[in-house]
Amino acid sequence: MRLRLRGILLLAPWLAAVLLPRLGAQELTFFGGYLPEVSHERSSYDWQVDYRQDFSRYFAGSIAYINEGHLRGHHRDGTAGEAWARIPLDHDRLIIAVGAGGYAYFDTQPAPGGDTVDVHGTALIASLSATAYFSNRWYGEVMVNRILPDHDLNLTTFGAGLGFWFGRTTKPTPGKLGDAHDEQERVTANELTMFTGQSVVNTFLSQKAAAWAAEYRRGLIPHIDWTISGIHEGDPKIIRRSGGATQIWAVNTFFHDRVSVGAGIGPYVYIDHNNPSTTNQRIPAAVAPLFSLTCAYRFNDHLVARLVFDRVVSNYNRDSDIFLLGLGYRWGK
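These numbers come from a predicted model, not from an experiment.

**Concerning the nonpolar core**
Okay, step 1: With 13 residues, the main nonpolar core has Ile 231, Tyr 268, Leu 290, Val 312, Ile 322 and Leu 324 as its most contacted residues.
Okay, step 2: Contributing elements (two or more residues each) for this core: β10 (208-221), β13 (259-272), β14 (286-298), β15 (303-312) and β16 (320-331).
Okay, step 3: When residues no more than four places from it in sequence are discounted, the contact partners of Leu 290 are Ile 231, Ala 245, Gln 247, Gly 264, Ile 265, Gly 266, Tyr 268, Asp 310, Arg 311 and Val 312.
Okay, step 4: Counting eight residues, the second-largest nonpolar core is a separate cluster that includes Ala 64, Ala 80, Tyr 103 and Ala 123.

**Some details on unusual backbone geometry**
Okay, step 1: Positive phi values are uncommon outside glycine, yet Asp 92 reaches one of about 70°.
Okay, step 2: You can see Asp 92 is positioned in the loop between β4 (75-89) and β5 (94-110).
Okay, step 3: On the accessibility criterion, Asp 92 (6% relative accessible area) is buried.
Okay, step 4: With phi around 50°, Ser 206 is a residue other than glycine that occupies positive phi space.
Okay, step 5: Relative to the helices and strands, Ser 206 resides in the loop between β9 (190-201) and β10.
Okay, step 6: Residue Ser 206 is classed as buried on the basis of its relative accessible area of 18%.

**Some points on the pairing of β14**
Okay, step 1: Here β13 pairs with β14 via twelve bridges, running antiparallel. Note on β14: the bridge partner recorded for Val 259 is Tyr 297.
Okay, step 2: As paired elements, β14 and β15 share nine bridges and run antiparallel to each other. In the strand pairing of β15, Arg 298 is matched with Val 304.
Okay, step 3: Here β14 folds back onto β15, and the loop between the two strands holds four residues.

**Brief notes about the confidence of the model for the protein**
Interpreting fine coordinate detail is not advised for predicted regions of low pLDDT.
Okay, step 1: In the predicted model, the protein carries a mean pLDDT of 85, and 83% of its residues have values of at least 70.
Okay, step 2: Of the regions scoring below 50 in pLDDT, residues 1-8 engages in nine contacts with residues more than four places distant in sequence or in other chains.

**Some thoughts on the layout of surface pockets**
Okay, step 1: Space inside the largest pocket adds up to approximately 1000 Å³.
Okay, step 2: Partitioned by chemical class, the residues of the lining of the largest pocket number 23 nonpolar, eleven polar and six charged.

**Quick word on the environment of Phe 195**
Okay, step 1: Within the fold, Phe 195 resides in strand β9.
Okay, step 2: Taking the relative accessible area as the measure of exposure, Phe 195 reaches 6% and is therefore buried.
Okay, step 3: Sequence-wise, Phe 195 and Gly 326 are 131 residues apart; in three dimensions their C-alpha atoms are separated by 4.0 Å.
Okay, step 4: Once you skip the residues sitting within four places of it in the chain, Phe 195 turns out to touch Trp 212, Ala 213, Glu 215, Arg 306, Val 308, Leu 324, Leu 325 and Gly 326.

**Digging into the sheet that holds β4**
Okay, step 1: Pairing is antiparallel around the closed barrel formed by eight strands, whose spatial order is β1-β2-β3-β4-β5-β6-β7-β8. On average, each strand axis in the sheet is inclined to that of its neighbour by 25°, with strand direction left out of account.
Okay, step 2: As paired elements, strand β1 (residues 26-35) and strand β2 (residues 44-56) share ten bridges and run antiparallel to each other. Within β2, the position partnered with Phe 30 by the bridge is Val 49.

Reading the values: rules and limits
Residues numbered from 1 in each chain as written. Predicted model: local features only at pLDDT ≥ 70, side-chain atom pairs only at ≥ 80, totals over all residues. Heavy atoms only, no water. Core = buried A, V, L, I, M, F, W, Y, C linked by side-chain atoms within 4.5 Å. Buried < 20%, exposed > 50% of the residue type's maximum accessible area, 1.4 Å probe, protein only. Helix = DSSP H or I, 4+ residues; strand = E, 2+ residues; numbered from the N terminus. Contact = heavy atoms within 4.5 Å. Pairing = 2+ DSSP bridges. pLDDT = per-residue confidence, 0-100. 1 Å grid on protein atoms, 1.4 Å probe; cavity = no way out; pocket = protein on both sides within 12 Å on 5 of 7 lines; lining within 4 Å. Points joined across faces, edges and corners; volume = space filled by probe spheres on them. Nonpolar A, V, L, I, M, F, W, Y, C, P; charged D, E, K, R; others polar. Axes fitted to C-alpha atoms, helices over the stretch in contact; angles between N-to-C directions.

This is the structure we're talking about:
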């Protein structure tokens, strides 16, 4: 039940944003910030990536990845989905907004004996932001988040960021939100991509290894893709995991299908050669949820570059992040 709730918190606001593209303009913002000292924990950095869509002039929804830095006893990050009340000022060039929603987090904590545990949980999140547009598409934003889990560390994060407005018109104007979607509904063609990158195990040592993957992608309907992929997480010593995954993706495209973004969820069937069973040392297959984000740029009708961030959610304290960059080929319609 908790895993299902985390999946809903992870994808529901993003699904709403990409499946209702005609309602308003999409905004993508990158934040860097500060997490003050709290509850015997020293201060730390934090950073955030926020994707937001205005459903009306006074209401918006967002999905964000938040990394709360490295505290002594907590390495916590996760995905937040929020609803926002907006107050437009100065002909919509200054926006004050108040948001609230859910936060699905992954907290790496120390355990006795030098090991670590991956605590999965959900929390309430409340936010306050101010956005100032200083050019046709670029804007600056400051944000404060208050994260309130029931049985974990309550924190306040402060961030300042730079963002880009994807509306079809060149600047926000009062009463006109803009439309980021192209003139026609588009469905992803067949796409085969080869990736290379790095895996990072979520422990306090953050063991790393070279990783690779191969992915076949196909659009099912406008804004919905399906993928099947093979993933090799390399050998960071603490795990040696590889397997196959299939995912359903919510996607959206901008600038005449040149740029696309997406979020996916699905099962990852893997074998971990560093964690065999105790019975005759057999290595059984196991299944873990795989949550992913992607961004792609299409050079022409056939060639595409794609970034993918995967989060493997294990049940034996071996969560991992996989960062992949690939070159793909598209064909057909």
